[in-house]
Amino acid sequence: MFRGSFLCVEGDKRAVRAASSIAKALGGKTFNVKSDSKALYHAAAVMAAGNVVALFDIAIKMLQHCGLSARRSQEVLLPLLKSSAANLETMNPPHALTGPFSRGDVATVRKHLAAIKAQDLDSALSVYAALGKHSLSLARGEAKQAANFRELSRIISGQHRT
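The following paragraphs examine the structure supplied in this document.

What counts as what
- Residues numbered from 1 in each chain as written.
- Predicted model: local features only at pLDDT ≥ 70, side-chain atom pairs only at ≥ 80, totals over all residues.
- Heavy atoms only, no water.
- Helix = DSSP H or I, 4+ residues; strand = E, 2+ residues; numbered from the N terminus.
- Rg over C-alpha atoms; globule rule 2.2 N^0.38 Å.
- Buried < 20%, exposed > 50% of the residue type's maximum accessible area, 1.4 Å probe, protein only.
- Core = buried A, V, L, I, M, F, W, Y, C linked by side-chain atoms within 4.5 Å.
- Salt bridge = Lys/Arg side-chain N within 4 Å of Asp/Glu carboxyl O.
- 1 Å grid on protein atoms, 1.4 Å probe; cavity = no way out; pocket = protein on both sides within 12 Å on 5 of 7 lines; lining within 4 Å.
- Points joined across faces, edges and corners; volume = space filled by probe spheres on them.
- Axes fitted to C-alpha atoms, helices over the stretch in contact; angles between N-to-C directions.
- Parallel < 35°, antiparallel > 145°, perpendicular 65-115°, else oblique.
- Contact = heavy atoms within 4.5 Å.
- Nonpolar A, V, L, I, M, F, W, Y, C, P; charged D, E, K, R; others polar.
- Expected span 1.5 Å × (residues − 1).
- Arc of directions from axis to C-beta.

Attention now goes to the overall build of the protein chain. Of regular secondary structure, the protein chain possesses 9 helices and 2 strands. The helix and strand sequence of the protein chain, counted from the amino end, reads β-α-β-α-α-α-α-α-α-α-α. Taking 162 residues into account, the globule formula puts the C-alpha radius of gyration at 15 Å, and the protein chain, at 20 Å, lies well above it. Residue burial in the protein chain is summarised as follows: out of 162 residues, 22% are buried.

And the structure:
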């Protein structure tokens, strides 16, 4: 259960040594953060795990609007998620990023936004816009088409609903 897992340990030196020893015996790895950073550490874990599940659920609902069943939608999307995770094992986020935001593909993003709006998927629109904005910030480090990225930023900024 713990093999390959990372466990955050804290306490005095003796407690940290004991906890680290137990974690190692169970196949885990340890790290520590400052006590006042524990909530931020936990929020980061939620973003990387729990929120990915919520995002995946939004994507399933989008495909259901295309006529696929929830089960088939999951089957269709899971290889994409696995591919992204595999990319992140060997690349940093800017290099692992794929899709229209990484390419500066204005026409595709416009089509995506129109399709999401046409189905009245407000949650999906908000998430698409928020993550698109962050994707642009990642892609700009790799950008070759500055004008396209400026246009995408303008388009996506006008889409964020709360």
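Glancing now at the nonpolar core. Grouped together as the largest cluster of nonpolar side chains are 17 residues, with contacts concentrated most on Phe101, Leu113, Tyr128 and Ile156. When residues in this core are grouped by element, the largest group, 6 residues, is from helix α8 (residues 122-139).

Counting across every chain of the model gives 6 salt bridges. One salt bridge in this structure joins Arg103 and Asp105, with 3.3 Å as the shortest N-O distance. Classification of Arg103 by relative accessible area gives partly exposed; the value is 45%. The partner of Arg154 in a salt bridge is Glu151, and the shortest N-O contact between them spans 2.8 Å. Taken together, the positions of Arg154 and Glu151, both in helix α9 (residues 146-157) and 3 residues apart, correspond to about one turn of that helix. Note on Glu151: relative accessible area 22%, which makes it partly exposed. Salt bridges linked by common partners bring Arg110, Glu151 and Arg154 together as one network.

The calculated volume of the largest pocket comes to roughly 2,000 Å³. As for the largest pocket, its lining consists of 41 residues, of which Leu55, Ser84, Leu97, Leu131 and Ser135 are closest to the centre. Elements supplying a minimum of two residues to the lining of the largest pocket: α2 (38-48), α3 (50-64), α4 (70-90), α5 (93-96), α6 (100-103), α7 (106-118) and α8. Per-element accounting of the lining of the largest pocket gives the leading share, 9 residues, to α3.

At their nearest, the axes of α2 and α3 sit 3 Å apart, and the two run at 30 degrees to each other. As far as their axial angle goes, α3 and α2 are roughly parallel. Taking contact as the criterion, the partners of Ala45, Val46, Met47 and Ala48 in α2 are, on α3, Gly50, Asn51 and Val52. Considering only residue class, the contact of α2 with α3 consists of 5 nonpolar, 2 polar and no charged.

Within the secondary structure layout, Ile58 lies in helix α3. Here Ile58 is in contact with Ala124 and Val127, once residues within four sequence places are set aside.

Interaxial distance between α7 and α8 falls to 9 Å at its minimum, and their mutual angle equals 155 degrees. For the element pair α7 / α8, the angle class is roughly antiparallel. Of α8, the residues touching α7 (which contributes Val109, His112, Leu113, Ile116 and Lys117) are Ala124, Leu125 and Tyr128. Per-class residue counts for the contact of α7 with α8 are 6 nonpolar, 1 polar and 1 charged.

Moving on, we come to α3. The end-to-end C-alpha distance of α3 is 21 Å, a good match for the 21 Å that 15 residues give at a rise of 1.5 Å each. Taken together, the buried positions of α3 are Phe56, Ile60 and Leu63. Taken down its axis, α3 places every buried residue within 60 degrees of arc, on the same side. The inward-facing, buried residues of α3 abut α4.

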